[in-house]
Amino acid sequence: MLQDHVMDKLQYFDEKKYEIRSDKVLLLENKDKGEVELECVLERDTLVIQAPDKSVFSYLGENKGDRSCPDCFLYVLEEDGAYSLHIMEYKKTINTENIKKSKIQFIMGIYNARAIAGFLNISIKKIHIYSAFRNDTIGNLSQSDSIVLRSANIDEKNRSIMRDWRNGICKLMVDLNETSYTHNKICLDENGKGICRLAN
């Protein structure tokens, strides 16, 4: 069970926009570009907010990227009473352009998730980043493909994105500081189904 002060604040939330789980939760997305059905195994009490991109912080502007947000937030209650934040983004295909979009979604997601945490008066001690996908055009490159790409006219930003993806890193500019997060990868099957366990 989450702390009393969190449960008290959740009474002001739309009950269709969150759930509390402690064993597993089915994360769903239904979009034109493909469906996702991801079973997430939990080990602790967790506040799950699916589709936060549909309820972003209302004070945000209308410029491109201002209202970007990932597909799911999971706030996991840790033993010390603080929370770890797990941010999920679903992509049908991983490529450099989609990773660029994801990075904006992750940054704005962190800001939106912290706004929710502020309302609930909870402390976030660690942030975990996840991408769930069906196809990986970067990680599936062979050694010879990588050599060709290095010699091709690919800008350093894209090469850096590809290198970071292969190394399981996501570098984000948060609060004017570049921070490296572990980029957890979740492989989905051709129907968008998969299973994952949250990182520690």
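Scroll up a little and you will see the structure.
All values reported here derive from a predicted model rather than from experimental measurement. Per chain, residues are indexed from 1 in the order of the written sequence. Per-residue local features of the predicted model are confined to residues with pLDDT of at least 70, and side-chain atom pairs are confined, for both listing and counting, to 80 or more; whole-chain, interface and lining totals are unaffected and use all residues. Hydrogens and waters are ignored; side-chain quantities use all the structure's heavy atoms.

Novice: Account for the pairing of strand β8 (residues 169-174), naming residues and giving values.
Specialist: For the exposure calls, accessible area comes from a 1.4 Å probe over protein chains only, and a residue counts as buried if that area is under 20% of its type's maximum, exposed if over 50%, partly exposed in between. A run of H or I in DSSP counts as a helix once it spans at least four residues, and a run of E counts as a strand once it spans at least two, with each numbered from the N terminus. Of the two faces of β8, the one holding C170, L172 and V174 is buried and the one holding I169, K171 and M173 is not buried anywhere. Pairing between two strands is assigned when DSSP locates at least 2 bridges connecting them. The antiparallel pairing of β8 with strand β9 (residues 177-187) creates a hairpin that spans two residues between the two strands, and D175 there sits at a positive phi of about 55°.

Novice: Any details on the environment of L27? Residues and values, ideally.
Specialist: Relative to the helices and strands, L27 is located in strand β2 (residues 24-31). Residues L27 and Y12, 15 residues apart in the sequence, show an inter-C-alpha distance of 23 Å. Contact between two residues is taken to exist if any of their heavy atoms lie within 4.5 Å; hydrogens are not considered. With sequence-adjacent residues up to four places away left out, L27 is seen in contact with V36, E37, L38, C40, V48, Q50, C72, L74, M88 and Y90.

Novice: Would you mind going over the nonpolar core in detail, with residue names and values included?
Specialist: Proteins that are soluble and globular tend to have nonpolar side chains buried together. Among the nonpolar cores identified, the biggest contains 27 residues, and F73, Y75, I87, I129 and L172 are the most heavily contacted of them. Mapped by element, the contributors of at least two residues to this core are α1 (4-10), β4 (46-50), β5 (72-77), β6 (83-94), α2 (96-120), β7 (124-136) and β8. Top contributing element to this core by residue count: α2, with seven residues. Those residues in contact with I87 that lie beyond four places of it in its chain are P70, C72, F73, F106, G109, I110, I127, H128, I129 and Y130. What makes a nonpolar core is a set of buried Ala, Val, Leu, Ile, Met, Phe, Trp, Tyr and Cys residues whose side-chain atoms join them at distances within 4.5 Å.

Novice: An account of the pattern of salt bridges is needed here, citing residue identities and associated values.
Specialist: Here, a salt bridge means any side-chain nitrogen of Lys or Arg that lies within 4 Å of a carboxyl oxygen of Asp or Glu. Taken as a whole and assessed by the stated rule, the structure comprises 14 salt bridges. Salt-bridge contacts for D164 lead to K171; the nearest nitrogen and oxygen are separated by 3.7 Å. Residues joined in a network through salt bridges with shared partners are R44, E78 and E79.

Novice: I'd like to hear about the packing of aromatic side chains, residue by residue, with values.
Specialist: The way to describe two aromatic rings as a pair is by their centre distance and the angle between their planes. Centres within 6.5 Å make a pair out of two Phe, Tyr or Trp rings, where for Trp the six-membered ring is used; the pair is then stacked when the planes are under 30 degrees apart, edge-to-face when over 60, and tilted otherwise. Tallied over the full model, the rule gives five aromatic pairs. Aromatic side chains F13 and Y18 sit 6.0 Å apart centroid to centroid with 90° between the ring planes, which places their arrangement in the edge-to-face category. The partly exposed category is assigned to Y18, whose relative accessible area is 21%. Taking the centre distance of 5.5 Å and the plane angle of 70° together, the rings of F133 and W165 count as edge-to-face. On the criterion of sequence distance, the pair formed by F133 in strand β7 and W165 in helix α4 (residues 156-167) is long-range, its members being 32 residues apart.

Novice: Account for the sheet that holds β2, with residues named and values stated.
Specialist: Here we have three strands laid out as an open sheet, ordered β2-β3-β10, and mixed in their pairing. Since the sheet does not close on itself, it has two edges, and those belong to β2 and β10 (193-197), each with one partner. Direction aside, neighbouring strands of the sheet carry axes that sit 20° apart on average. A fitted line through C-alpha atoms represents every axis, and for helices the fit uses only the stretch in contact; the resulting angles, taken between N-to-C directions, go from 0 to 180 degrees.

Novice: Run through the pairing of β4, naming residues and quoting values.
Specialist: The buried fraction of β4 amounts to four of the five residues, a majority that puts the element mostly inside the structure. Bridging between strand β1 (residues 19-21) and β4 involves three bridges; their strand directions are antiparallel. Paired with E19 across the strands is V48, a residue of β4. With five bridges joining them, β4 and β5 adopt antiparallel strand pairing. Considered in β5, the bridge of I49 is made with F73.

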